[in-house]
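Residues per chain are reported as follows:
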Amino acid sequence: MKTIAEINEKIKKGTAVVVTAEEVIQIAKEKGYKKAAEEIDVVTTGTFGAMCSSGAFINTGHANPPIKMQSITLNDVPAYAGLAAVDLFIGAAELSNKQGMEYGGGHVIEDFIAGKDIKLYAKGVGTDSYPRKEILTTINKYNVNQAYMYNPRNAYQNYPAAINSTDKTIYTYMGTLLPKHGNITYATSGELSPLINDPHYRTIGIGTKIFLGGAVGYVSWQGTQHNPAQERGENGVPTNLAGTIAVTGNLKDMSTRYIKGARYHKYGVSLFVGLGIPIPILDEEMLRYTAVSNEEIYTTLVDKSGNETYDIKYNYAQLRSGHVDFKGKSVLTAPLSSLSRAREIANTLKDWIQHSNFTLTEAVTPLPREDKVNTLDIREMK
Amino acid sequence: MTKIKIKIYYSRDEIDKPITYELVKKYDVMFNILHANINYGSEGNLITEISGEDENVKQALTYLDENGIRYKKYTKSIIRDEQACIDCGACTAVCPSGALTMDKNAELKFEKDKCLVCGLCIKACPIGIIDIEL
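Here is what the cut-offs are and how they apply
Residues numbered from 1 in each chain as written. Chains lettered and ligands numbered in written order. Predicted model: local features only at pLDDT ≥ 70, side-chain atom pairs only at ≥ 80, totals over all residues. Heavy atoms only, no water. Helix = DSSP H or I, 4+ residues; strand = E, 2+ residues; numbered from the N terminus. Buried < 20%, exposed > 50% of the residue type's maximum accessible area, 1.4 Å probe, protein only. Contact = heavy atoms within 4.5 Å. Areas by Shrake-Rupley, 256 points an atom, 1.4 Å probe, with all protein chains shown as cover. Lys, Arg positive; Asp, Glu negative; His and termini not counted. Charge placed at Lys NZ, Arg CZ, Asp CG, Glu CD. Buried area = accessible area lost by both parts, 1.4 Å probe. Salt bridge = Lys/Arg side-chain N within 4 Å of Asp/Glu carboxyl O. Polar contact = N/O pair within 3.5 Å; in protein donor to acceptor, adjacent residues only side chain to side chain. Nonpolar A, V, L, I, M, F, W, Y, C, P; charged D, E, K, R; others polar. Pairing = 2+ DSSP bridges. Axes fitted to C-alpha atoms, helices over the stretch in contact; angles between N-to-C directions.

Caption draft 1: Broad picture of the overall build of chain B. Scanning chain B from terminus to terminus reveals 3 helices and 8 strands. Reading the helices (α) and strands (β) of chain B from amino to carboxyl end gives β-α-β-β-α-β-β-β-β-α-β. Taking the principal axes of its C-alpha atoms as reference, chain B extends roughly 50 × 35 × 20 Å. Across the 134 residues in chain B, those meeting the buried criterion constitute 45%. Partitioning the intrachain contacts of chain B with sequence separation of at least 6 by distance along the chain shows that 64% fall at a separation of at least 24. Carbon and sulfur atoms make up 46% of the accessible area of chain B, which amounts to about 7,300 Å² in all. The distance from the centre of the 18 positive side-chain charges to the centre of the 21 negative ones in chain B is 1 Å.

Caption draft 2: The arrangement of helix H4 (residues 105-113) of chain A in detail. Residues and elements named next belong to chain A. With 9 of 9 residues buried, H4 lies mostly within the body of the structure. Along H4, the residues classified as buried are Gly105, Gly106, His107, Val108, Ile109, Glu110, Asp111, Phe112 and Ile113. One or two steps after H4, the chain reaches Gly115, where phi turns positive at roughly 85°.

Caption draft 3: Highlighting the interface of chain B and chain A. Across the contact, 21 residues belong to chain B and 22 residues belong to chain A. For the pair chain B and chain A, the summed buried area comes to about 1,600 Å², and 59% of that belongs to carbon and sulfur atoms. Seen at the junction of chain B and chain A, the total is 0 salt bridges. If you look at where chain B meets chain A, you find 8 residue pairs in polar contact (both at pLDDT 80 or more). Split into classes, the residues belonging to the side of chain B that touches chain A amount to 14 nonpolar, 4 polar and 3 charged.

Caption draft 4: Molecular detail of the sheet that holds strand E2 (residues 42-44) of chain A. Residue and element names in this part refer to chain A. With mixed pairing, 3 strands are arranged side by side in an open sheet as E1-E2-E23. Pairing within the sheet leaves two strands with one partner each, and these edge strands are strand E1 (18-20) and strand E23 (278-280). Averaged over neighbouring strand pairs, the angle between their axes works out to 25° when direction is ignored. Across 3 bridges, the pairing between E1 and E2 is parallel. In the strand pairing of E2, Val19 is matched with Val43. Running over the sheet, helix H2 (residues 23-31) touches E1 and E2 and is turned about 110° from E1. Sheet strands touched by helix H7 (residues 339-354): E1, E2 and E23. Its angle to E1, the strand with the most contacts, is close to 175°.

Structure (structure tokens):
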């Protein structure tokens, strides 16, 4: 048994043993769980995938005369203005008024991080407090006040693989799905994925310090659609959509290597978010969780056209192989989240910890372990 | 035998001319259409492989030249900005010939000789870094 405080002492001295969630698998095989748990202090995880439920709050500062912005666009992408006078929220999945699905909120966020000038246009109604009715100017990360990412749902704990049963190609947030079960796409980093390595949220909770977009960030709340009650395998790992986290971090400190605007053909825009979480190896149980391998992590197959339902699960070793068997036919599989960049994130976080630049946190309060997801039904207006 | 990949541009006036038929009939070349975007009454283009005897393929291109039909010959297939590529793999989902695959290190591998220049990967790329090099 180790405490987070003890692990932090080792980190400060530079003696902590840190490995990635891929490396721990082999170590556990060679040394056994018990010995590996004694030796290893921290396991780092990583993921780099499109996460639509992302965005950023920006305070632009006041103009003279001042304006209460009522409608705002950033590079012609609408931003939310229903806050105080010059606070705005730009959502990753918002589309450009001029370029449609080719550019959107995710691209604005990437351009902002890159230090580029962003065109700001806003209108106000004009009041005694805020007489100005219109403003056209530019903002960038050096001349605004606060700019912080706030992502209501990131790091989905597992995600179903996608297929298309119809006769036509369909364009989805799971990529282009070819007709007649022509391909299967999948979107997690498997054995490197943060919440898969702490399946019951023993160490990851509200307040946990994380890697977010190349900077330090925090878990700020449970994510939207957090669903810990999802079906799980014997190892505790969910086999479908389960836990999620809301995260926040300073946008000005982030890097475009780990935050990237994305567009999905005929679907819309999104944002690639790089996220990594360190997991303290408090005991053998935590070591067992982090030593889970792709062969042991299963996900459910879903028909994105909604016509067929399957009782089929694949593990991530099968999906990673490039082909899986679907009803006797070999079907091409393709990833949508970048494993190589996820690996880079886990290694970067490992490096930060080894060089005493990042210490671990106790969660302020745990993520809910019982919760369910509601659907939106058509209800009678009373 | 020669095999080339070309993009034939159809102007509004040429859209109703049986260009492929003429080429097949006159020069005995084979067409393998990779991508077509032709709408009657407006402009269009056709990406195709043309194969046949060396001399016949040459003459087929001369025919296009002489009839003022614009075309571009693909010599290098698709290109991607390797520095900007994030190795997500979305393009590998649609590549019909297996030219784009993920390698052992989960990095995108492109095998040029397998590429059909169909262009599906261009639209499938979420960060827009694949294009056709002419």
